[in-house]
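The primary structure of each chain is shown beneath.
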Amino acid sequence: MDLPWAFFERTAERVFTPLAMAASAWSPDMVNGPALCGLLAECLDREYGSPEFMPARLTVDLFRPTLRKPLEIATSAARTGRRIVVADAELRQDGNVVARASAVFLRRSEQPPGELWTRAEQPAPPPAELRAGPATHIWGSDAHPSGWSSELGEHQNDSRKRCWQEPVPVVLDEAAGAFAAAAIIGESTSLMTNWGTEGVGFINGDLTLALARLPRGKSIGVEADNHIGVDGVSVGTATLFDADGVFGSCIVTAVANPAAQVDFTRENEAIDDRRRAAAERRGA
């Protein structure tokens with residue numbers, strides 16, 4: 001299947017139409033979270049980012065179902081200072097705000113003196129032989145016999161999860177920035193932290209991405225740090241990394257959605273189609 005290699009097509013200056021890659025695992029008529037987070041991050045970065053400032057934080061609220069219909073974006077600056085820039089964005093569909101975001105850009109400078117604590121065990125990319133293959137998504141879990149594989153359903157267990165992915169471009173025929181790439185892959189925090197033995201039964205309503213630097217290279221990794229779930233509400237935290245090491249963290253909150261539980265051990269046509277198309281496009 002030859003699908004366009006992007007989440008959206010720009011159909012007007014501030015209007016974006018979701019493509020097949022943007023389809024959600026919850027419903028093929030809905031737009032997935034990575035696509036929305038990537039679009040918000042990319043538009044904020046293009047309008048308010050600069051080489052002197054680091055896009056250090058992105059918070060996205062996904063509070064209304066977003067259909068695969070045209071989306072209009074509106075942005076505004078909340079603060080433009082010497083060391084900080086804060087900007088907001090809204091995605092609108094049929095006159096309703098379906099998602100919103102806030103980004104913080106901090107001026108780059110020198111590190112202060114002294115040594116600081118950081119955790120000793122850091123996540124690492126998959127083996128080189130897997131990364132050299134055609135797969136754009138590689139999945140990992142502690143309970144898997146070899147740790148990593150390109151088969152999603154092989155990691156449906158109750159152990160720590162991780163993934164290594166090549167982000168889908170945000171807008172067709174437009175180069176995306178590293179901030180958007182981090183947002184797209186960072187949204188996988190929900191999958192990595194809410195995925196258990198029966199699949200995924202939580203749907204996240206937000207994302208907060210915090211970056212010390214931008215990702216490098218074509219692929220980005222996410223490793224779960226913790227999952228906390230009580231009374232149908234969960235909190236998931238994860239670490240983001242690339243081939244050069246860790247560069248940020250992500251946190252999501254989610255609400256139980258067992259009526260639409262996604263079981264990755266069963267055939268999921270929409271996900272399989274997107275994965276096959278991505279692998280074919282990468283190998284072209």
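Quick look at the structure, then.

Re the overall build of the protein chain
Thought 1: Looking only at helices and strands, one finds five helices and 16 strands in the protein chain.
Thought 2: Taken over C-alpha atoms, the radius of gyration comes to 18 Å for the protein chain, in line with the 19 Å a tight globule of 284 residues would show.
Thought 3: Counting only C-alpha atoms, the protein chain reaches 55 × 50 × 45 Å along its principal axes.
Thought 4: Across the 284 residues that make up the protein chain, the buried fraction comes to 48%.
Thought 5: Long-range pairs, those at least 24 residues apart, make up 67% of the contacts in the protein chain between residues at least 6 apart in sequence.
Thought 6: Only carbon and sulfur atoms are counted for the fraction: they give 51% of the accessible area of the protein chain, which is about 13,700 Å².

What to know about unusual backbone geometry
Of all residues except glycine, most have a negative phi; of all peptide bonds, most are trans.
Thought 1: Of note, the phi angle at Asp94 is positive, near 55°, even though the residue is not glycine.
Thought 2: Since its relative accessible area comes to 58%, Asp94 is described here as exposed.
Thought 3: Unusually for a residue other than glycine, Asp173 sits at a positive phi of about 65°.
Thought 4: With respect to the helices and strands, the residue Asp173 is situated in the loop between β9 (161–165) and α3 (178–186).
Thought 5: In this structure Asp173 comes out as exposed when scored by relative accessible area, which is 76%.

Observations regarding the environment of Phe202
Thought 1: Among the structural elements, Phe202 can be located in strand β12 (residues 202–204).
Thought 2: Residues within four places of Phe202 in sequence aside, it is in contact with Trp26, Asn194, His227, Gly232, Val233, Ser234, Ala254, Val255, Ala256 and Asn257.

Conventions adopted
- Each chain has its residues counted from 1, running along the sequence as written.
- Since the coordinates come from a predicted model, pLDDT governs what is reported: local features require at least 70, and pairs of side-chain atoms require 80 or more to be given and counted, while whole-chain, interface and lining totals use all residues.
- To get the side-chain values, take all heavy atoms of the structure and skip hydrogens and water.
- Counting from the N terminus, the helices are the DSSP runs of H or I reaching at least four residues and the strands are the DSSP runs of E reaching at least two.
- Radius of gyration here is computed from C-alpha atoms only, and the compact-globule reference equals 2.2 Å multiplied by the residue count raised to the power 0.38.
- Note on classification: 1.4 Å probe, protein chains only; a residue is buried when its accessible area is under 20% of the maximum for its type, exposed when over 50%, partly exposed between these limits.
- The contact rule is simple, with two residues in contact once any of their heavy atoms fall within 4.5 Å.
- Reported accessibility uses the Shrake-Rupley method at a 1.4 Å probe radius. Residues are deemed covered only where the shown protein chains occlude them.

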